[in-house]
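The residues making up each chain are set out below.
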Amino acid sequence: MACCHQYYDQTDGGETAFSVDVSSIAFGPGVLAEAGARARDLGIRRIALFTDRRLAALEPVTVARRSLAAAGIDVVVYDECRVEPTDESFRHATRFAVEARPDGYISVGGGSVMDTAKAANLYATYPADFLAYVNAPVGEGRAVPGPLKPHIACPTTCGTGSECTGIAVFDLLALQAKTGIASRRLRPSLALIDPMTTHTLPANVVACSAFDVLAHALESYTAMPYTRRQRPAHPNQRPMSQGANPWSDVGCREALRLVGRYMVRGVADANDREAREQLMWAATLAGTAFGNSGVHVPHGMGYAVAGLVKDYQPAGYPAEEPIVPHGMSVIVNAPAVFRATAHACPDRHLDGAGCLGADIRGAGEADAGEVLGARIVELMKATGIPNGIGGVGYGTGDIPALIEGTWPQQRLLKNAPMEIGRDHLHAMFEGALRYW
Ligand SMILES: [Fe+2]
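## Concerning the nonpolar core
Generally speaking, a soluble globular protein has its nonpolar side chains buried in company with each other. The biggest cluster of nonpolar side chains holds 128 residues, and the ones touching the most others in it are Ala210, Val213, Ala255, Val259 and Leu279. There are two domains that each give this core at least three residues, and those are domain 1 (30-193) and domain 2 (203-431). Setting aside anything within four residues of it in sequence, one finds Val259 in contact with Ala210, Val213, Leu214, Leu279, Ala282 and Leu356.

## Let's talk about the packing of helix H6 (residues 203-221) against helix H8 (residues 273-290)
At a minimum axis distance of 9 Å, the contact between H6 and H8 shows a crossing angle of 35 degrees. Viewed along their axes, H6 and H8 form a crossing whose handedness is left-handed. The segment H6 lies against H8, with Val206, Ala210, Val213, His216, Ala217, Glu219 and Ser220 engaging Arg276, Leu279, Ala282, Ala283, Ala286, Gly287, Ala289 and Phe290. Per-class residue counts for the contact of H6 with H8 are 10 nonpolar, 3 polar and 2 charged.

## Structural notes on the packing of helix H4 (residues 87-100) against helix H5 (residues 111-125)
At a minimum axis separation of 8 Å, H4 and H5 run at an interaxial angle of 55 degrees. Comparing the axis directions of H4 and H5 gives the class oblique. Our pair here, H4 against H5, has a crossing hand that is right-handed. Where H4 approaches H5, its residues Ser89, Phe90, Ala93, Thr94, Phe96, Ala97 and Val98 are matched on the opposing element by Thr116, Ala119, Ala120, Asn121, Tyr123 and Ala124. The class makeup of the residues in the contact of H4 with H5 is 9 nonpolar, 4 polar and no charged.

## As for the sheet that holds strand E8 (residues 190-193)
Spatially, the 6 strands line up as an open sheet ordered E1-E8-E5-E4-E2-E3, and their pairing is parallel. Of all the strands in the sheet, just strand E1 (24-27) and strand E3 (74-78) have a single pairing partner and so form its edges. Across the sheet, the mean angle separating the axes of adjacent strands is 20 degrees when strand polarity is ignored. Bridge count between E1 and E8: 4 bridges; the pairing is parallel. By the bridge assignment, Ile25 is partnered in E8 with Ala191. Against the sheet, helix H3 (residues 59-70) contacts strand E2 (46-50), E3, strand E4 (104-109) and strand E5 (151-155), and its axis sits at roughly 155 degrees relative to E4. Contacting E2, E4 and E5, H5 crosses the sheet at an angle of about 160 degrees to E4.

## Re unusual backbone geometry
Of note, the amide linkage connecting Ala136 to Pro137 takes the cis form, showing an omega dihedral of 5 degrees. Note on placement: Pro137 falls in the loop between H5 and E5. If you check the backbone angles, Glu84 has positive phi at about 60 degrees while not being a glycine. Judged by local crowding, Glu84 falls into the buried class, with 22 C-beta atoms found within 10 Å.

Rules used throughout
- Residues numbered from 1 in each chain as written.
- Predicted model: local features only at pLDDT ≥ 70, side-chain atom pairs only at ≥ 80, totals over all residues.
- Core = buried A, V, L, I, M, F, W, Y, C linked by C-beta atoms within 7 Å.
- Buried ≥ 20, exposed ≤ 12 C-beta atoms within 10 Å, placed from the backbone.
- Domains from an automatic or database assignment.
- Contact = placed C-beta atoms within 7 Å.
- Axes fitted to C-alpha atoms, helices over the stretch in contact; angles between N-to-C directions.
- Helix = DSSP H or I, 4+ residues; strand = E, 2+ residues; numbered from the N terminus.
- Left-handed = near helix turned anticlockwise from the far one by under 90°.
- Nonpolar A, V, L, I, M, F, W, Y, C, P; charged D, E, K, R; others polar.
- Parallel < 35°, antiparallel > 145°, perpendicular 65-115°, else oblique.
- Pairing = 2+ DSSP bridges.

In structure tokens, the structure reads:
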């Protein structure tokens, strides 16, 4: 079967255009010290600095605060962002934002911190029932009414790409499932990406972050092409998850090349600054790509794997409660998913494997899924990632609950290159139980 990504094969009523929305970006060692001058340029006089308790005393927050203070900006700190935020923690942060009345936000931390700042900015600016803006079918999926206050996002891990996207992900406690809020209005005004923040990250945090990047890039690259989506009645109804497109393809391929080349080095050696900085750049590229195309099944399944966690506690993360870190929860599904989706667009699966460093000489279309799956498994083994969903505590008996946890992620499942039913998810979770 030929690849489905022939963008110029347009269909009746199908989309004919794609959009590119990107945050302003400043990238480079030391760029965090620009926070004050940048905030002033955005007209901010009183800024809410979002971070978490662990980071609050560390260098990146100190550098940002010093720079903001030197620029004469009034700083109010919220250091209670939760790793893996929930609707409850988003509400807590919103109450802070309402009381603090900032005219701008700066988030210094990982995806959880940046997403919390996005949500607090949204609900403090346009108060509504919590589920109003949450993605349908879990929430109402209501459009954000207007622009938010300026937000400077400063990532301290090399993974989520949240600094470049209009997505905020959280656990909805009542459903024990991850979902999110997605709107172009949520995209930070500016991303200050300082690779020096990655120099002190624990190995396992780098591994999970780098696999999140890998998944963003591979899922975007193999997503349903934008031309296969129905053309919306109005251009502003074009979703951010618009499917694979020529813009996202560029960032995805380069991000895969960098991850394939630098992941193992960046995990193994904290002093390998070249590797960690290149992983940070890969995260940025993948973030600007998937922010305009969307991810698909591995992330959809990952939300269930993380949301239903039993007692798994990884090294390098706060030990207060069980957690399957985001990148890990996604990648444990990925080889099984790509083995199953490869037939829909074999040349992209094969090309993705090649970008990641697999030897694809002599491989044909029928081998695409296996070659890509094997390369991901090779990288998982080399960086200490658990052996499939079995490695983070799940067994065959958990598969029905995992499927039910994944099913509400229709926005992601519909972005896959093939139609995904419950039976497909069953086979994919079964295939993900163990890889070696
Ligand atoms: Fe992700």
